[in-house]
Amino acid sequence: SPASQVNIAVIGAGGVGKCFLSQLQGLAARKPSPKLNLVYIATSRKAVYNDNFAPIDVGSAIDTLASSSKTPHALPATVDYLSGSPHPVVLVDNTSSQDVADLYPSFLRKGISVVTPNKKAFSGSYKLWQEIFSAASSSGAKVYHESSVGAGLPVISTLNELIDTGDKVTKIEGVFSGTMSFLFNSFAPVAGQGGKWSAEVKKAQSLGYTEPDPRDDLNGLDVARKLTILARIAGIPVESPESFPVQSLIPKELESCSSGDEFLKKLPEFDSQMEEVKAEAEKAGKVVRFVGSIDVGSKSVKVGLEKFDASHPIAALQGSDNIINFYTERYGSNPLIVQGAGAGGDVTAMGVTGDLLKVLRQI
Ligand code: NHO
């Protein structure tokens, strides 16, 4: 019979974690069954929990955490602690930690379900990917990570549904980074001039679109991680995000800069390189965009600059939106398109809360 109570453990309370807690509060109020108990919340430095799993008030959890003098359990001990719960447990990992990700198989083997926006586990080694899904299938615990690609946009669920209903996905292509989307939509707009590359990078940083060090967006690795996840779901056993071609937009000469600030200071010296790329596309009547693509038939995955006609949906993207085109046998030459905000706390947390709902329907 379905569980009457479910215990929720949250690791990570940053931008996404805070938004998740607020959505959890709303969910618990709207859906009283099963009763959702927040029993554990931890950052890297602090934690709140009761040894007897007595629930923590969700609405004041962030304040309680800030004033808590408890330190978190060591990660392996968290597995043991949560295995002692009297009710089924869902672990919500809102960190970007590889150490937490490495423990998913241990949590899952103990019957603890996992929902997360953390890309590390699903885009790391293929061995970890296999361990996660085999641990889940042997214990019956669930694992969902919708927000690891395209934040709250239904990307992973759509791909799974295409495959599970017997469609044949031939190609997936899109703009998978909010930062890259913003940069190219403003540097090489379909109409108008666009700004200087280095100025747009600075603007993106000041608007909070980039990682604190913009090189972490410009090296293409974030997009490569998302492509690794989708390729594996599509049945391609990609070994790691380093095992296919990824174009970095960091000029060679600036790879050794010791800080993001030094990088931004020197970037204007390389504006002519990006101007050339833009002019070459213009000559062909096109615009340049930073895209990822998976060709399922030839099992080829790549990330980098591509040119598109102004009328192509990828060229017409706005702001920092993501767009993902699924080309399939069923949909023919007009792809199924998922488009919208692909970054930000609330939309990312929505994917996590949606995943939690999927788990709740099954336990
Ligand atoms: P924060 O704000 O840095 O918070 C991280 C929290 O984890 C902190 O509370 C920290 O103390 C805790 N933590 C870290 N290591 C820990 C450990 N070992 N033990 C316990 N606690 C630990 O990060 P965010 O922004 O809240 O992100 C959380 C997760 O969501 C990350 O895995 C991130 O990659 C993922 N995520 C975020 C976004 C987003 O928009 N913020 C997106 C997807 C996934 O689609 C989005 C995206 O990819 C944005 C991308 N930059 C783009 O498209 O341009």
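Our subject is the structure that appears above.
Residues numbered from 1 in each chain as written. Predicted model: local features only at pLDDT ≥ 70, side-chain atom pairs only at ≥ 80, totals over all residues. Heavy atoms only, no water.

Colleague: Sorry, what's going on with the overall build of the protein chain here?
Modeller: Broken down by element type, the protein chain carries 15 helices and 11 strands. For the protein chain, the C-alpha radius of gyration of 22 Å lies close to 21 Å, the compact-globule estimate for 363 residues. Overall size of the protein chain, expressed as C-alpha extent along the three principal axes, is 65 × 50 × 35 Å. Out of the 363 residues belonging to the protein chain, those deemed buried represent 52%. Considering only intrachain contacts with a sequence separation of at least 6, the fraction spanning at least 24 residues in the protein chain is 68%. Of the roughly 15900 Å² of accessible surface on the protein chain, 50% is carried by carbon and sulfur atoms. For the protein chain, the distance from the average site of its 35 positive side-chain charges to the average site of its 38 negative ones is 3 Å. (Helix = DSSP H or I, 4+ residues; strand = E, 2+ residues; numbered from the N terminus. Rg over C-alpha atoms; globule rule 2.2 N^0.38 Å. Buried < 20%, exposed > 50% of the residue type's maximum accessible area, 1.4 Å probe, protein only. Contact = heavy atoms within 4.5 Å. Areas by Shrake-Rupley, 256 points an atom, 1.4 Å probe, with all protein chains shown as cover. Lys, Arg positive; Asp, Glu negative; His and termini not counted. Charge placed at Lys NZ, Arg CZ, Asp CG, Glu CD.)

Colleague: Is there a simple way to explain the sheet that holds strand E4 (residues 89-93) in this structure?
Modeller: Strand pairing in a sheet relies on backbone hydrogen bonds. The paired strands run either parallel or antiparallel. A sheet is described by the order of its strands in space; here 6 strands give the open sequence E3-E2-E1-E4-E5-E6, paired in mixed fashion. In the strand order of this sheet, the two ends are held by strand E3 (47-49) and strand E6 (143-144), each with one partner. Sheet topology note: the strand E2 (residues 35-42)/E3 ladder contains 3 bridges and is antiparallel. Bridge assignment links Ala42 to a residue of E3, and that residue is Ala47. (Pairing = 2+ DSSP bridges.)

Colleague: What exactly am I supposed to notice about the side chain of Ser123 here?
Modeller: With respect to the helices and strands, Ser123 occurs in helix H6 (residues 120-123). Within the structure, Ser123 has its side chain in polar contact with the backbone oxygen of Lys119 (distance 2.7 Å). Reaching out from Ser123, the side chain makes a polar contact with the side chain of Arg225 at a distance of 2.9 Å. Once you skip the residues sitting within four places of it in the chain, Ser123 turns out to touch Arg225, Thr228, Ile229, Arg232 and Pro241. (Polar contact = N/O pair within 3.5 Å; in protein donor to acceptor, adjacent residues only side chain to side chain.)

Colleague: Can you help me understand the site of the ligand in this one?
Modeller: Near the ligand, the surroundings consist of 28 residues, among which Val16, Thr95, Gly178, Gly342 and Gly344 are the closest. Gly14 is positioned such that a nitrogen or oxygen atom in its backbone is 3.3 Å from an oxygen atom of the ligand. Lys226 places a polar side-chain atom, nitrogen or oxygen, 2.9 Å from an oxygen atom of the ligand. In the complex, the protein chains occlude 75% of the 1000 Å² of accessible area that the ligand would expose alone. Of all the secondary structure elements, the ones that give two or more residues to the shell around the ligand are helix H1 (15-30), helix H9 (178-187) and helix H12 (221-233). (Near = heavy atom within 4 Å.)

Colleague: Please explain the packing of aromatic side chains as it appears in this structure.
Modeller: Aromatic ring pairs: the centre-centre distance and the angle between the two ring planes describe each pair. Enumeration over the complete set of coordinates arrives at 12 aromatic pairs. For the ring pair Tyr40 and Tyr81, a centre distance of 5.8 Å and an interplane angle of 50° mean the geometry is tilted. Within this pair, whereas Tyr40 is found in strand E2, its partner Tyr81 is found in helix H3 (residues 75-83), the two being separated by 41 residues in sequence. Both residues of the pair, Tyr40 and Tyr81, count as buried. (Phe/Tyr/Trp six-rings, centres within 6.5 Å; stacked < 30°, edge-to-face > 60°.)

Colleague: Where do I start with unusual backbone geometry in this structure?
Modeller: Backbone phi values are negative for most residues with the exception of glycine, while trans is the configuration of most peptide bonds. With an omega of -5°, the peptide bond running from Ser33 to Pro34 counts as cis. Considering the arrangement of structural elements, one finds Pro34 in the loop between H1 and E2. Positive phi, close to 65°, is recorded for Phe53, a residue that is not glycine. The class for Phe53 is buried, based on a relative accessible area of 10%. One non-glycine residue, Ala151, adopts positive backbone phi at about 50°.

Colleague: What's the story with the nonpolar core in this structure? I'm lost.
Modeller: Generally speaking, nonpolar side chains in soluble globular proteins are found buried as a group. Formed by 82 residues in total, the largest nonpolar core has its most connected members in Tyr40, Leu82, Phe184 and Trp197. Considering every element that reaches this core, the biggest residue donor is H12, with 7 residues. Beyond its immediate stretch of four places on either side in the chain, Trp197 contacts Leu183, Phe184, Phe187, Leu218, Leu249, Leu267, Asp271 and Met274. In terms of nonpolar packing, the next biggest core, distinct from the first, is built from 27 residues, Leu21, Leu24, Ile41 and Leu65 among them. (Core = buried A, V, L, I, M, F, W, Y, C linked by side-chain atoms within 4.5 Å.)

Colleague: In this structure, what is going on with the pairing of strand E9 (residues 300-309)? I would like to understand it.
Modeller: Regular strands place their side chains on alternate faces of the sheet. Pairing geometry for strand E8 (residues 286-295) and E9, over 10 bridges, is antiparallel. Bridge pairing in E9 places Val287 opposite Phe308.

Colleague: Honestly, the sheet that holds strand E7 (residues 169-175) in this entry has me stumped. Any pointers?
Modeller: What the 5 strands build is an open sheet, ordered E9-E8-E7-E10-E11; its pairing is antiparallel. Each edge of the sheet is formed by a strand with only one pairing partner; in this case those strands are E9 and strand E11 (336-341). Adjacent strand axes in the sheet meet at a mean angle of 25° when their direction is disregarded. Bridge count between E7 and strand E10 (residues 321-328): 6 bridges; the pairing is antiparallel. Paired with Ile172 across the strands is Phe326, a residue of E10. Helix-sheet contacts for H12 involve E7, E8 and E9, and the interaxial angle to E8 is about 40°. (Axes fitted to C-alpha atoms, helices over the stretch in contact; angles between N-to-C directions.)

Colleague: Help me out: how do you make sense of the side chain of Ser85 in this one?
Modeller: Structurally, the position occupied by Ser85 is in the loop between H3 and E4. Assessed through its relative accessible area of 15%, Ser85 is described here as buried. Here the side chain of Ser85 touches Asn7 through a polar contact of 3.0 Å, side chain to side chain. Discounting residues that sit within four places of it in the chain, Ser85 has contacts with Asn7 and Phe53.

Shape descriptors only; they carry no functional weight alone.
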